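For reference, the chains in residue letters:
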Amino acid sequence: GKEQRGHSAKHLLCMNAAVRATVRVGIYTGAKVYFVHEGGTVIGSARCQDFRSKEGRAKAACNLVKLGITNLCVIGGDGSLTGANEFRNEWSELLQILLKAGKITAEEAKRSSHLNIVGMVGSIDNDFCGTDMTIGTDSALHRIMEVVDAITTTAQSHQRAFILEVMGRHCGYLALVTALACGADWVFIPEMPPDEGWQDHLCRRLTYQRKIGNRLNVIIVAEGALDRHGKPITCDIIKNLVTKKLSFDTRATILGHVQRGGTPSAFDRILGSRMGVEAVMALLEATPDTPACVVSLSGNMAVRLPLMECVQVTKEVTKAMAEGRFEEAVKLRGKSFENNWNTYKLLAHVTAPDVKSNINIAIMNVGAPCAGMNAAVRSAVRIGILQGHNMLAVHDGFDGLANGTIEPMTWGYVGGWTGKGGSNLGTKRSLPASMIEEISLNIAKFNIHALVIIGGFEAFVGGLELVTAREKYEELCIPLVVIPATVSNNVPGSDFSIGADTALNTITTTCDRIKQSAAGTKRRVFIIETMGGNCGYLATMAGLAAGADAAYIYEERFGIHDLETNVEHLLEKMKTTVKRGLILRNEKCNANYTTDFLFSLYSEEGKGVFDCRKNVLGHMQQGGTPTPFDRNFGTKMGAKAVLWLTDKLKECYRHGRIFANTPDSACVLGMKKRATLFQPLSDLKEDTDFEHRIPKTQWWLKLRPILKILAKYKISLDTSETATMEHVIKKRGTV
């Protein structure tokens, strides 16, 4: 069971997380792990010319045979993975060449008769089909959004048009997600060239945006953007057009290699770690008959896909684009790309309908504020307006609904909200049960036909209270939808909630800085307290992302023996070259083992070996600019919620009025495994621990063993849930 990894392609920081996980899990399973060095990340990466010739590949095969390596883990983009696939296909032929040349013995050839390959996609272009998110894409988006945010603040003071070119060779993913995340006026991507006469259309749209009071226009261009005739559309072409036709003050920025650098985001570190573990499992289970596979993420699930099929579909996209089958190219890129494209189209092409629906939809925020709430409100408002509805803002949660602090929202009202942290509507933790009377009166007074509640656990409980009160108050018989938004990620019915990704990045960045502060001092242990109420999501995921030695949470009981084990583990660790430790503690993991208690314990036990520092992160975890993930997640959830309400309202319309009292007319919109689902609030009661304000089953608990293995604990890993091989080709029919 020896294994080796190599990887090619460009310098990508987040590859290191994947390398670390593969190596540590490999060693943990008893495999012997080798590095193949060359240049870029910690191991290095290069696009090797030598490997492109058969002699070069024979040389590589010879090196592997001599070391007895039969498992290869490749991290790279489509070039590297296509190369790896070819290498595996001609393995036996290469062995014959080496045997004939006398480079290897018959015994050696027999011992290495077949080669197992597992790929991980590391490419910021996200251009490899079959994968939702490639390692590196999220970090690249972080870099891009930092630039966009900086540009937009300067542009607010001058009336300007900004054109931004982002990377991604022949794939428009980065450009598309950037456009969604910053609410751009137009995006040019290679998969979907603009229609003939786009020049006039673009100018019309920019003029209209100025007319309705937007001081800033943003146009995003993918570096591979083309028109319908296959001619490139560049920053300069657009700049000249806008300057000449509209005389707008126009600035063009080409982002270039900034997008590849910087620290990896929390999402990428966790993705890299999860994929690294999955890759080792796939290699250990491989037989000579298993096809080479790629480990990847689909929604929130690790999946394995045949490498050959992914390569084939990736080639088909290029072919479809070359032959002008653009709709198909977007479909072939996969579900995630297609969803992004559809959401962008919905929000960007602004023509409010002439016919009004006479429907009033109210939107409110409930619970503690978090980043991404505003993005959800903005897209809900705009999709609603495009559907012909009147959209109402309810300020300060259920209090506002009871007090009647309700006002209409226009298209411009929510302009520029995507990148704003916190809650612009204002939010409160109060629950509705005590003010049901006033709430029902205002629902009647303002003629509210449907309700969007964006918030945390209180939003869920509040929604349930409204449903319960339907029996007594007919006014509450209206469709409602809860969109989970809280840093704690503790809302039943969803794997993720808006705001958790931003909080996770805040914690991870802080942990990085705290660890750096100890770079000069030797032997120091940091104890960091995170938020989350009773939910250990933030502590666990930040532990994975920041490489913590332990993460104490409420869901996984711990006692004096566990604390002893952890202290001993750190004492051992201080004997190695790594002279620092990181311990995370969820704020409510244990009433008696407080952060102060842990600090005292570790300080006492570590005397003479290490010293301790403690840090309570506090409310900084709720603030900050939303990350690209939260902006897009918020944008998609807001749009989906209103489209669902529009359909529900049609179902519930009887005798000239709306009447909704079935369980399925009050839902949580959540992301589960690999799809977004609407689940009745009443169905989710079973799976809720109301006392501790957490769902009874939480998917991320399965990642806890990885945290321990990566911190070098000898524990047993539950591999009962390894991903099975799926097909990309067959799957496309259903997409």
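Naming follows an unreviewed UniProt entry, where the chain appears as 6-phosphofructokinase of Cyprinus carpio carpio. Quoted verbatim from the Catalytic activity (unreviewed entry) field of UniProt, the annotation for the chain is "beta-D-fructose 6-phosphate + ATP = beta-D-fructose 1,6-bisphosphate + ADP + H(+)".

Undergrad: Talk me through the overall build of the chain; I want residue IDs and the actual numbers.
TA: The helix and strand inventory of the chain stands at 25 helices and 26 strands. Relative to its length of 735 residues, the chain is compact, with a C-alpha radius of gyration of 27 Å against a globular reference of 27 Å. Reported as C-alpha extents along the three principal axes, the dimensions of the chain are approximately 90 × 70 × 45 Å. Considering only residue pairs separated by 6 or more positions, the chain has 78% of its internal contacts joining residues 24 or more positions apart. Entry remark: accessible area of the chain is about 29,300 Å², with carbon and sulfur atoms responsible for 53%. Charge separation in the chain, taken as the distance between the mean sites of 87 positive and 75 negative side-chain charges, equals 4 Å.

Undergrad: Can you tell me about the nonpolar core, naming the residues and giving the values?
TA: Of all hydrophobic cores here, the largest spans 84 residues; its most connected members are Ile 361, Ile 363, Val 377, Ile 454, Tyr 537 and Met 541. Ignoring anything within four residues of it in the chain, the contact list for Ile 361 reads His 389, Asn 390, Met 391, Leu 392, Ala 450, Val 452, Val 642, Leu 645 and Leu 649.

Undergrad: Describe the packing of helix 8 (residues 198–211) against helix 9 (residues 235–246), naming the residues involved and giving the relevant values.
TA: When two helices pack together, you describe them by how their axes are tilted relative to each other and by the distance separating the axes. Relative orientation of the contacting elements helix 8 and helix 9 amounts to 60 degrees, with a least axis distance of 11 Å. In the crossing of helix 8 with helix 9, the sense of the turn from one axis to the other is right-handed. Counted together, Trp 198, Gln 199, Asp 200, Leu 202, Cys 203, Leu 206 and Thr 207 of helix 8 and Ile 238, Leu 241, Val 242, Lys 245 and Leu 246 of helix 9 form the full contact between these two elements. Taken together, the residues of the contact of helix 8 with helix 9 break down into 8 nonpolar, 2 polar and 2 charged.

Undergrad: Go over the sheet that holds strand 8 (residues 250–254), please, and point to the residues and values.
TA: Taken in spatial order, the 4 strands line up as 6-7-5-8 in an open sheet, and their pairing is parallel. Each edge of the sheet is formed by a strand with only one pairing partner; in this case those strands are strand 6 (186–188) and strand 8. Across this sheet, the average inter-strand angle for adjacent strands is 15 degrees, counted without regard to direction. In terms of strand pairing, strand 6 meets strand 7 (residues 216–222) through 3 bridges, oriented parallel. Residue Phe 188 lies in a different strand from strand 7, and its bridge partner there is Val 221. Here helix 8 sits on the sheet in contact with strand 5 (160–166), strand 6 and strand 7, set at roughly 150 degrees to strand 6.

Undergrad: I'd like a rundown of the environment of Glu 474, residues and numbers included.
TA: Looking at the element boundaries, Glu 474 is found in the loop between helix 17 (457–468) and strand 16 (480–484). C-alpha of Glu 474 to C-alpha of Ala 675: the two residues are 201 residues apart in sequence and 33 Å apart in space. Excluding residues within four positions of it along the chain, Glu 474 makes contact with Arg 657 and Phe 659.

Undergrad: Kindly report on the pairing of strand 16, identifying the contributing residues and their values.
TA: Counting buried residues along strand 16, 5 of its 5 residues qualify, which places the element largely inside the surrounding structure. Where burial is concerned, the two faces of strand 16 agree: the one with Leu 480, Val 482 and Pro 484 and the one with Val 481 and Ile 483 are both buried. Note: strand 15 (residues 450–455) against strand 16, 5 bridges, orientation parallel. Looking at the pairing, Val 452 lines up with Val 481 of strand 16.

Undergrad: Explain the sheet that holds strand 17 (residues 524–530) residue by residue, including any values.
TA: Taken in spatial order, the 4 strands line up as 18-19-17-20 in an open sheet, and their pairing is parallel. This sheet does not close on itself; its edge strands, each paired only once, are strand 18 (550–552) and strand 20 (611–616). Averaged over neighbouring strand pairs, the angle between their axes works out to 20 degrees when direction is ignored. Where strand 17 lies against strand 19 (residues 580–586), 7 bridges are found, and the strand directions are parallel. Following the sheet pairing, Ile 527 is matched in strand 19 by Ile 583. Against the sheet, helix 20 (residues 560–573) touches strand 17, strand 18 and strand 19, its axis set at about 155 degrees to strand 19.

Undergrad: Go over the side chain of Asp 268 with me, naming the residues and quoting the values.
TA: Turning to its location among the elements, Asp 268 is positioned in helix 10 (residues 266–285). No salt bridge forms around the buried Asp 268; measuring N to O, its nearest opposite-charge neighbour Arg 143 is 7.9 Å away. At a separation of 2.6 Å, a polar atom in the side chain of Asp 268 contacts the side chain of Ser 139.

Undergrad: How would you summarise the pairing of strand 19 if you had to cite specific residues and measurements?
TA: Two faces belong to every sheet, and in a regular strand the side chains alternate between them. Here strand 19 lies mainly inside the structure; 6 of its 7 residues are buried. Sheet topology places strand 18 next to strand 19; 3 bridges connect them, and they run parallel. Within the sheet, the bridge partner assigned to Ala 550 lies in strand 19 and is Ile 583. A crossover links strand 18 with its parallel partner strand 19, the connecting element being helix 20, and its sense is right-handed.

Undergrad: Outline unusual backbone geometry, supporting the account with residue identities and numerical values.
TA: Phi at Asn 358 is positive, roughly 60 degrees, even though this residue is not glycine. Mapped onto the elements of the fold, Asn 358 is located in the loop between helix 13 (335–348) and strand 11 (360–366).

Undergrad: So, the packing of aromatic side chains: which residues are in play, and what are the values?
TA: The full count for this structure, using the stated rule, is 19 aromatic pairs. Pairing Phe 188 with Trp 198 gives two aromatic rings, centres 5.1 Å apart and planes at 75 degrees, and the pair type is edge-to-face. Here the residue Phe 188 occupies a position in strand 6, and Trp 198 occupies one in helix 8, the gap between them amounting to 10 residues. Judged on exposure class, the residue Phe 188 and its partner Trp 198 are both buried.

So, how was this worked out
Residues numbered from 1 in each chain as written. Predicted model: local features only at pLDDT ≥ 70, side-chain atom pairs only at ≥ 80, totals over all residues. Heavy atoms only, no water. UniProt positions renumbered as here; feature names shortened; annotations may be inferred. Helix = DSSP H or I, 4+ residues; strand = E, 2+ residues; numbered from the N terminus. Rg over C-alpha atoms; globule rule 2.2 N^0.38 Å. Contact = heavy atoms within 4.5 Å. Areas by Shrake-Rupley, 256 points an atom, 1.4 Å probe, with all protein chains shown as cover. Lys, Arg positive; Asp, Glu negative; His and termini not counted. Charge placed at Lys NZ, Arg CZ, Asp CG, Glu CD. Core = buried A, V, L, I, M, F, W, Y, C linked by side-chain atoms within 4.5 Å. Buried < 20%, exposed > 50% of the residue type's maximum accessible area, 1.4 Å probe, protein only. Axes fitted to C-alpha atoms, helices over the stretch in contact; angles between N-to-C directions. Left-handed = near helix turned anticlockwise from the far one by under 90°. Nonpolar A, V, L, I, M, F, W, Y, C, P; charged D, E, K, R; others polar. Pairing = 2+ DSSP bridges. Salt bridge = Lys/Arg side-chain N within 4 Å of Asp/Glu carboxyl O. Polar contact = N/O pair within 3.5 Å; in protein donor to acceptor, adjacent residues only side chain to side chain. Right-handed = clockwise from strand over helix to strand, strands pointing away. Phe/Tyr/Trp six-rings, centres within 6.5 Å; stacked < 30°, edge-to-face > 60°.

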